[in-house]
Amino acid sequence: MTLLDWNIILSHISDLSDWLPFFIFISLPKKVREEYNLLGAYLFTLGSLKTITLILLTIKGTFNTMPFYHLMAIVEATFLFLFITRDFGLKKGSKPLIVSLLLALNLYNTLSFQGILEFNSNAWAMNTIILIGLGLSSLVLLFNDIENIVLGKSPRFIILTGLLLYFSGSLFLYIVSSEVLSKEAKGFFHNAWIIRSIADIIKSIILTYGLWIARFSTTT
């Protein structure tokens, strides 16, 4: 098998991987599940969009999936921003304002720079950098209470770790996308989408574990 073959296989697996933590999410007791509703909504929405693109590719053989990536960028930025900042103590009304600004910047990129039929790497990179900053800030808040938390049994720590690993792997792709998205298998850089696929799969596995131990954990 060539690197391109592995690229395709891992890409398909990553497209379906969000369903794994989602199924664990919906199996949680109601009181526990309420704490992770935003994460569950993110997993369901993104999983649905990725599955639709996979089905269309299977049926049609070739299909421009870029419009879905413009939509997925907005979904990820919105739900993960709201999930990560839930304990930030932001003023009432500030979250809708910030989300609206994020959506406006994504839309501006689509209308002015990277059209609906192009990969919106600018928007993904911007969103990811913002989410990395928010994720690290959330970890700082968590570490402020480190004496009362066992990190290995903290769903919040595990979930944030999974998201940050995914952001880091994905950001590499978004930043160098002008080099890697050649649609040809010509070495490492031209197959760098595999990095995002692996990061996505790792994210799903870690989120699955984090949500699984949430049912047994008394810590956040």
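Just so you know, the residues in each chain are numbered from 1, in the order the chain's sequence is written. Residue-level local features of this predicted model are given only where pLDDT is at least 70; pairs of side-chain atoms are given and counted only at 80 or more, and the full residue set underlies all totals for whole chains, interfaces and linings. Side-chain measures were taken over the full set of non-hydrogen atoms in the model, leaving aside hydrogen atoms and water.

Chemist: It is not clear to me how the packing of helix α6 (residues 94-112) against helix α7 (residues 121-143) should be interpreted in this structure. Could you clarify?
Modeler: Helix-helix packing: each pair is described by the crossing angle between the helix axes and the interaxial distance. Where α6 contacts α7, the axes come no closer than 9 Å and their chain directions differ by 155°. Taken as axis vectors, α6 and α7 run roughly antiparallel relative to one another. At the point where α6 passes α7, the crossing takes the right-handed sense. Between α6 and α7, the residues in contact are Leu102, Leu105, Asn106 and Asn109 and Asn122, Ala123, Met126, Asn127 and Ile130, respectively. Residue composition of the contact of α6 with α7, grouped by class: five nonpolar, four polar and no charged. Note on geometry: axes are lines fitted to C-alpha atoms, helical ones only across the stretch in contact, with angles between N-to-C directions running from 0 to 180 degrees. Here a helix means four or more residues in a row that DSSP labels H or I, a strand means two or more in a row labelled E, and each is numbered from the N terminus. Orientation is classified from the angle alone, with under 35 degrees giving roughly parallel, over 145 giving roughly antiparallel, 65 to 115 giving roughly perpendicular, and any other angle giving oblique. Crossings are sorted by hand: turned counterclockwise from the far helix by less than a right angle, the near helix makes the crossing left-handed, and turned clockwise it makes it right-handed. Between two residues, a contact is recorded if the distance between any of their heavy atoms is within 4.5 Å. Charged means Asp, Glu, Lys or Arg here, nonpolar means Ala, Val, Leu, Ile, Met, Phe, Trp, Tyr, Cys or Pro, and polar covers whatever is left, Gly included.

Chemist: Would you take a moment to explain the nonpolar core for this structure?
Modeler: Generally speaking, soluble globular proteins have nonpolar side chains that are buried together. Membership of the largest hydrophobic core comes to 49 residues, with the highest contact counts inside it found for Tyr36, Leu39, Phe167 and Leu211. Of all the elements, helix α5 (residues 66-84) adds the most residues to this core, at eleven residues. With sequence-adjacent residues up to four places away left out, Phe167 is seen in contact with Glu76, Leu80, Ile84, Thr128, Leu131 and Ile132. By nonpolar core we mean a set of buried residues, namely Ala, Val, Leu, Ile, Met, Phe, Trp, Tyr and Cys, connected to one another through side-chain atoms within 4.5 Å. Relative accessibility decides the category of a residue: with a 1.4 Å probe and only protein chains considered, values under 20% of the type maximum give buried, values over 50% give exposed, and everything between is partly exposed.

Chemist: Got a minute to help me understand the environment of Pro21 in this structure?
Modeler: Positionally, Pro21 belongs in helix α2 (residues 19-26). Take Pro21: its relative accessible area is 0%, and that puts it in the buried class. Residues Pro21 and Gly210, spaced 189 residues apart in sequence, show a C-alpha to C-alpha distance of 8.8 Å. The residues touching Pro21, leaving out its near neighbours within four places in the chain, are Leu43, Ser204, Leu207, Thr208 and Leu211.

Chemist: Explain the side chain of Thr208 to me, please; I cannot follow it from the model alone.
Modeler: Considering the arrangement of structural elements, one finds Thr208 in helix α10 (residues 193-214). Setting aside its immediate chain neighbours within four residues, Thr208 contacts Leu20, Pro21 and Ile24.

Chemist: When you look at the confidence of the model for the protein chain in this model, what are you seeing that I'm missing?
Modeler: You can read pLDDT as the predictor saying how much it trusts each residue, on a scale of 0 to 100. Per-residue confidence for the protein chain averages 89 on the pLDDT scale, and 92% of its residues sit at or above 70. When mean pLDDT is taken per element in the protein chain, α2 scores highest with 98 and helix α9 (residues 177-180) scores lowest with 56.

Chemist: It is not clear to me how the packing of helix α4 (residues 37-60) against α5 should be interpreted in this structure. Could you clarify?
Modeler: Put simply, α4 and α5 touch, their axes get as near as 9 Å, and they point 170° apart. As summarised for this structure, α4 and α5 are arranged roughly antiparallel, according to the angle between their axes. In this structure, α4 contributes Leu38, Leu39, Ala41, Tyr42, Thr45, Leu46, Leu49, Lys50, Ile52, Thr53 and Leu56 to the contact, and α5 contributes Phe68, Leu71, Met72, Val75, Glu76, Phe79, Leu80, Leu82 and Phe83. Among the residues making up the contact of α4 with α5, the classes are represented as 16 nonpolar, two polar and two charged.

Chemist: Would you explain the pattern of salt bridges in this entry?
Modeler: Two side chains carrying opposite charge are able to pair once their charged atoms lie near each other. The rule for a salt bridge is simple: a side-chain nitrogen of Lys or Arg has to be within 4 Å of a carboxyl oxygen of Asp or Glu. By the definition in use, this model includes seven salt bridges. The residue Asp18 makes a salt bridge to Lys203 at a minimum N-O spacing of 2.9 Å. Of the two residues, Asp18 sits in the loop between α1 (3-17) and α2 while Lys203 sits in helix α10, which places them 185 residues apart along the sequence. Assessed through its relative accessible area of 0%, Lys203 is described here as buried. Residue Glu35 is joined to Arg86 by a salt bridge in which the shortest nitrogen-to-oxygen separation is 3.7 Å. Residue Glu35 is located in helix α3 (residues 30-35), and its partner Arg86 is located in the loop between α5 and α6; the two are separated by 51 residues in the primary sequence. Classification of Arg86 by relative accessible area gives partly exposed; the value is 25%.

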